[in-house]
Amino acid sequence: MSSIFSKIISGEVPSYKVAEDDHCFAFLDINPNTEGHTLCVTKTEIDRFLDLRPNQYLKLMEFSFRVGQAIQKVIPCNRVGLSIIGLEVPHVHVHLIPLNSMSDVTFEKKVALSSNQMHITADRIAKEYQKITSK
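Residues numbered from 1 in each chain as written. Predicted model: local features only at pLDDT ≥ 70, side-chain atom pairs only at ≥ 80, totals over all residues. Heavy atoms only, no water.

Bringing the sheet that holds strand β2 (residues 24-28) into the picture now. Strand-to-strand pairing in sheets goes through backbone hydrogen bonds, with the strands running parallel or antiparallel. The antiparallel open sheet is built from five strands, whose spatial order is β1-β2-β3-β5-β4. Only two strands of the sheet have a single neighbouring strand rather than two, namely β1 (17-20) and β4 (79-83). The average undirected angle you get between the axes of adjacent strands in this sheet is 20°. Taken together, the three bridges between β1 and β2 define a ladder with antiparallel strand orientation. For Glu20, the partnering residue across the bridge sits in β2 and is Phe25. Sitting on the sheet, helix α3 (residues 115-133) touches β1, β2 and β3 (38-42), and the angle it makes with β1 is about 25°. (Pairing = 2+ DSSP bridges. Helix = DSSP H or I, 4+ residues; strand = E, 2+ residues; numbered from the N terminus. Axes fitted to C-alpha atoms, helices over the stretch in contact; angles between N-to-C directions. Contact = heavy atoms within 4.5 Å.)

Across all of its chains, the model carries four aromatic pairs by this definition. Look at Phe63 and Tyr129: their rings are 5.8 Å apart centre to centre, the planes differ by 65°, and that puts the pair in the edge-to-face class. Of this pair, Phe63 sits in helix α2 (residues 54-74) while Tyr129 sits in helix α3, and the two are 66 residues apart along the sequence. Note on Tyr129: relative accessible area 5%, which makes it buried. Put simply, the rings of Phe5, Phe25 and Phe27 pair up and form one aromatic cluster. (Phe/Tyr/Trp six-rings, centres within 6.5 Å; stacked < 30°, edge-to-face > 60°. Buried < 20%, exposed > 50% of the residue type's maximum accessible area, 1.4 Å probe, protein only.)

Attention now moves to α2. Over its 21 residues, α2 extends 31 Å from the first C-alpha to the last, a length consistent with the 30 Å expected when each residue adds 1.5 Å. All of the buried residues in α2 are Gln56, Leu60, Met61, Phe63, Ser64, Val67, Gly68, Ala70, Ile71 and Val74. (Expected span 1.5 Å × (residues − 1).)

Turning our attention to the pattern of salt bridges. Counting across every chain of the model gives six salt bridges. Measuring nitrogen to oxygen at the nearest pair gives 2.6 Å for the salt bridge that ties Lys17 to Glu20. A residue is classified by how much of its surface remains accessible, and Glu20, at 33% relative accessible area, is partly exposed. Notably, a salt bridge pairs Lys131 with Glu128, separated by 3.7 Å at the nearest N-O pair. In this pair, Lys131 and Glu128 are both assigned in helix α3, three residues apart and thus about one turn of the helix distant. Taken together, the shared-partner salt bridges in this structure form one network comprising Lys17, Glu20 and Lys43. (Salt bridge = Lys/Arg side-chain N within 4 Å of Asp/Glu carboxyl O.)

So this is what it looks like as structure tokens:
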């Protein structure tokens, strides 16, 4: 059975897409810790990050790095944090979370954003990602 992330990648389930390359896909978390909280996932459905082949891991990290750079340019924050947890969805994914305090990374604090706010945020990050990757 396909994970929810595979369904998002295929377009079967809608998302607030931020970026995509041949190996990875990024979209806003629908239950974000902060505005701009983005998930970077592998297009290949693999449960645990330690099950990735080294080249798959490196591609995911490079992709996440570029998406993180885009987030940092458009979302006011002190840092962009990176977390790999993987307990809720059995599909490798990286959380990129704009941080202003330690409480932003606890996954206990959530922000409510309207669909319009999510679209605007996704578009802003996507445009910055395009600038970064076209250099």
